[in-house]
Amino acid sequence: MKKILKVLAWAIASLLLVILFAGLYIYLSDIPSYQVEVVDVQLDRSPAEVERGKKLATMLCASCHMDKETGKLTGKRMLDVPTEFGEIYSQNITQDKTNGIGSWTDGEIVFLLRTGIKKDGQYSPPYMAKLPKMADADINAIVAFLRSDDPIVVANSKANTPSKPSLLTKFLCRVAFKPFEMPIDPIPRPDTSNLIELGRYLAHNLDCFSCHSVDFKSNDYLEPTQSVGYFAGGNKILDEKGRIKIAPNLTPDKETGIGTWTQVDFIQAVKYGIKKGEQALTYPMMPYTQLTDKETGAIFTYLQTISPVHNLVERSIYN
Ligand code: HEC
Ligand code: HEC
């Protein structure tokens, strides 16, 4: 009996040692790197495309990269990333050649936005947005904007603070978070005369589904409709002060979703943060003033076609 106990004790001790070394290995090693593919990009730098890129970047990049100190996309400390992921800083993406992305090729930027792999091969964890399903022309428009003479992207030499990802983040980057594949087939822009198609495209590519489904962790970024609790709300999101806000249910359920809302109610809420008889919507639900009424209405039209889910989400209001 004593002998068995002794053997068992040794077995447990060796197991603990293995776990300790595995932890140490992950801690000391960095986030994994991957092969960078050369992507050939033909930018259309016409004013209309730059303008479209600006609209998309304002909605999709500025919330994380806009720096109040410089008034440009020079990056900042991301206070809304849960601290267990580490101390995270978005980076300078102005045209500065040393501290910004002035020395990146158009293809390197597109490859990062599609896959999450940076120009040096390192993977960028989910706290940096990815656009695996966006139309090719829309991604290119964002890059054309980043290359334009718009004041928020002109070269600014503000130095970057590198992110300090936690052990948990490094571990997850080895076992769970993986880069997306570069799309093989061309992705066209949606047919704007088909409101449901336009609405679905915007609801997926402006990341509405990502916040408004049940949890970031169970979202399916390649097939958004397959996300657990698709648009049913409940996702706990941190605000700028690290307080939890819960994303509302946007399915057409009449009691707990937006089944009784009119299109006008929806446009008011999404574009201006206004809710009839209630306190205005606040961070992280930013007003989408850049969207046209047609585009916002199209998102509403699309949301009316998805399955209603009964999921009561209490509204969290802070002053
Ligand atoms: C949710 C926040 C968030 C959003 C939205 C976001 N980014 Fe980022 N971005 C980051 C963070 C954080 C990093 C640093 C990542 C790291 O440390 O690995 C980063 C890094 C980058 C880099 C790499 C810079 C470098 O020098 O390594 C580029 C380029 C970039 N972002 C472009 C964009 C563009 C373009 C958009 C809009 C389409 C965008 N980002 C949207 C948070 C964000
Ligand atoms: C960064 C996460 C995030 C993104 C992205 C986001 N939302 Fe929200 N949204 C929220 C949160 C959190 C609230 C609740 C805000 C509050 O109560 O002040 C909200 C509130 C709303 C509401 C009000 C619903 C209600 O019942 O009060 C609507 C409508 C809405 N969002 C639509 C959208 C649409 C459409 C998009 C995409 C264009 C979008 N949201 C993108 C997080 C997000």
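This text gives an overview of the structure that appears in the document. Predicted, not measured: the structure shown is a model, and the values here were computed from it.

The rules we used
- Residues numbered from 1 in each chain as written.
- Chains lettered and ligands numbered in written order.
- Predicted model: local features only at pLDDT ≥ 70, side-chain atom pairs only at ≥ 80, totals over all residues.
- Heavy atoms only, no water.
- Donors = N, O, S within 2.8 Å, 3.2 Å for Na, K, Ca; no water.
- Tetrahedral: all angles 85-135°; square planar, octahedral: opposite > 155°, others 65-115°.
- Helix = DSSP H or I, 4+ residues; strand = E, 2+ residues; numbered from the N terminus.
- Buried < 20%, exposed > 50% of the residue type's maximum accessible area, 1.4 Å probe, protein only.
- Polar contact = N/O pair within 3.5 Å; in protein donor to acceptor, adjacent residues only side chain to side chain.
- Contact = heavy atoms within 4.5 Å.
- Near = heavy atom within 4 Å.
- Nonpolar A, V, L, I, M, F, W, Y, C, P; charged D, E, K, R; others polar.
- Salt bridge = Lys/Arg side-chain N within 4 Å of Asp/Glu carboxyl O.

### What about the coordination of the iron atom of ligand 2?
Inference 1: Distances from the iron atom of ligand 2 to its protein donors, namely His 212 (NE2) and Met 285 (SD), fall within the range 2.1 to 2.3 Å.
Inference 2: One can describe the donor arrangement at the iron atom of ligand 2 as octahedral, given that its six donor atoms subtend angles of 88 to 179° at the metal. One end of the pair, His 212, is in helix H8 (residues 208-212); the other, Met 285, is in the loop between helix H9 (263-272) and helix H10 (293-303), and 73 residues separate them in sequence.
Inference 3: The exposure class assigned to Met 285 is partly exposed, which follows from its relative accessible area of 23%.

### Focus: the side chain of His 204
Inference 1: On the secondary structure map, His 204 appears in helix H7 (residues 195-205).
Inference 2: Among the polar contacts made by the side chain of His 204, one reaches the side chain of Tyr 230 at a distance of 2.5 Å.
Inference 3: Excluding its chain neighbours within four sequence positions, the residues that come into contact with His 204 are Phe 209, Pro 224, Thr 225, Tyr 230 and Tyr 302.

### What about the coordination of the iron atom of ligand 1?
Inference 1: Those donors, His 65 (NE2) and Met 128 (SD), are the protein atoms that reach the iron atom of ligand 1, and they lie 2.0 to 2.2 Å from it.
Inference 2: One can describe the site at the iron atom of ligand 1 as octahedral: its six donor atoms subtend angles covering 85 to 179° at the metal. Here His 65 is found in helix H3 (residues 62-65), whereas its partner Met 128 is found in the loop between helix H4 (106-115) and helix H5 (136-146), with 63 residues between them in sequence. By the burial criterion, His 65 is buried, and Met 128 matches it.

### A closer look at the site of ligand 2
Inference 1: Near ligand 2 you find 19 residues, and of these Cys 208, Cys 211, His 212, Lys 275 and Met 285 are the closest.
Inference 2: Between ligand 2 and Lys 245 there is a distance of 2.8 Å, counted from an oxygen atom to a side-chain nitrogen or oxygen.
Inference 3: In the model, an oxygen atom of ligand 2 is placed 2.6 Å from a nitrogen or oxygen of the Lys 275 side chain.
Inference 4: For the shell around ligand 2, the elements supplying multiple residues, two or more each, are H8 and H9.
Inference 5: The biggest single contributor to the shell around ligand 2 is H8, with three residues.
Inference 6: Residues that form the shell around ligand 2 fall into these classes: 13 nonpolar, two polar and four charged.

### Topic: the pattern of salt bridges
Inference 1: Enumeration over the complete set of coordinates arrives at 16 salt bridges.
Inference 2: Between Asp 215 and Lys 217 there is a salt bridge, with the nearest N and O atoms lying 3.9 Å from each other.
Inference 3: Relative accessible area serves as the criterion here: at 75%, Lys 217 is assigned to the exposed category.
Inference 4: The network of salt bridges with common partners includes Glu 49, Arg 52, Asp 138 and Arg 189.

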